[in-house]
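Per-entry structural report
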Amino acid sequence: MAPSLFKLSVLFNLLTNFTNWSQNGGNVEFSPTSCTRIECPSYDLVHVGNGFEIRRYNSTVWMSTSPIVDISLVDATRSGFLQLFDYIQGKNKYAKKIEMTAPVIVQIAPSDGPVCASSFIVSFYVPKENQADTPPAQGLHAQKWGTKYAAVRQFSGFVKDSDAGEQALALHDSLLGSKWSDFIEKSRVADPTSPYIVAQYNSPFEFENRVNEIWMMFDMEDGYASL
Ligand SMILES: *[C@@H]1O[C@H](CO)[C@@H](O)[C@H](O)[C@H]1NC(C)=O
């Protein structure tokens, strides 16, 4: 996003008071306004760091596409989103309409395919109401997550292909030297399939207050004890 546009959206946030502000080490935290209108997964805030925060998601269910091999995150997100949009509109085995939620997440992994291509799994957060009996659909599969921790970095604007890597690197750097970095490293060795996730909270038709996040997921076997 161009700096002037960013400033404009910051000003807009201030004027409309839509956003909770909290200052930490020069980083502003946006609370996605979409989550006041549509359901988002709830989490506990475990720690606020300089440029990142640590969240605990107790249990979430996601409806996911098959891996989409592409050189563009933006293109892969669009094609994944279209499948998921059909799904919530009723293109599923129960012909059931499902409420829109946020965020849509993209799990990114290096691919064995063509040079520079990555593999993207695009997922829709299944509302609590539909979690017990999530309608199946051809080409999609449900992911049920148990308790998971996420190191999170936020950024605004429309996600560009260059953002994911840059923002993930910034998150990685901000975590260096912390115990969270060690937890993430351990989890990555155990499961190298998706080094990070891009979470997007807004539809393409919203121009203001756009919130995106990089998530690096990790597990902690001894849970609360080590916090
Ligand atoms: C997650 O689980 C813990 C332990 O059972 C509980 O204290 C907490 O309120 C739960 N958090 C959410 C967001 O549901």
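Residues numbered from 1 in each chain as written. Predicted model: local features only at pLDDT ≥ 70, side-chain atom pairs only at ≥ 80, totals over all residues. Heavy atoms only, no water.

**Overview of the overall build of the chain**
Helix and strand counts for the chain stand at five helices and 12 strands. Taken across its 227 residues, the chain has 47% of its residues classed as buried. Contacts spanning at least 24 positions in sequence make up 71% of the contacts within the chain whose residues lie at least 6 apart. Summing over all exposed atoms, the chain offers an accessible surface of approximately 11,800 Å²; the carbon and sulfur share of this is 57%. (Helix = DSSP H or I, 4+ residues; strand = E, 2+ residues; numbered from the N terminus. Buried < 20%, exposed > 50% of the residue type's maximum accessible area, 1.4 Å probe, protein only. Contact = heavy atoms within 4.5 Å. Areas by Shrake-Rupley, 256 points an atom, 1.4 Å probe, with all protein chains shown as cover.)

**A closer look at the confidence of the model for the chain**
Averaged over all residues, the pLDDT of the chain is 85; the fraction at 70 or higher stands at 83%. Ranking the helices and strands of the chain by mean pLDDT puts strand β5 (residues 60-65) first, with 98, and strand β1 (residues 23-24) last, with 34. (pLDDT = per-residue confidence, 0-100.)

**Details of the layout of surface pockets**
Space inside the largest pocket adds up to approximately 610 Å³. Those elements that provide at least two residues to the lining of the largest pocket are α2 (34-37) and α3 (73-88). A total of six residues in the lining of the largest pocket trace back to one element, the largest contributor, which is α3. Classifying every residue of the lining of the largest pocket gives 13 nonpolar, six polar and four charged. (1 Å grid on protein atoms, 1.4 Å probe; cavity = no way out; pocket = protein on both sides within 12 Å on 5 of 7 lines; lining within 4 Å. Points joined across faces, edges and corners; volume = space filled by probe spheres on them. Nonpolar A, V, L, I, M, F, W, Y, C, P; charged D, E, K, R; others polar.)

**Thoughts on empty space enclosed by the protein**
In this approach, a probe sized like a water molecule rolls over the atoms, and the result shows the empty space that is left. Tallied over the full model, the rule gives one cavity of 30 Å³ or more. A volume near 30 Å³ is recorded for the largest cavity. Lining the largest cavity we find F81, L84, F85, I88, M100, V104 and F124. Per-element accounting of the lining of the largest cavity gives the leading share, four residues, to α3. Of the residues that constitute the lining of the largest cavity, the class distribution is seven nonpolar, no polar and no charged.

**What to know about a nonpolar patch on the surface**
A cluster of nonpolar side chains, contributed by Y43, L45 and V48, occupies part of the molecular surface with about 250 Å² of accessible area. Mapped onto the elements, Y43 comes out in the loop between α2 and β3 (44-48). (Patch = residues over 30% accessible without salt bridge, like charges linked within 9 Å, V, L, I, M, F, W, Y side chains within 5 Å. Salt bridge = Lys/Arg side-chain N within 4 Å of Asp/Glu carboxyl O.)

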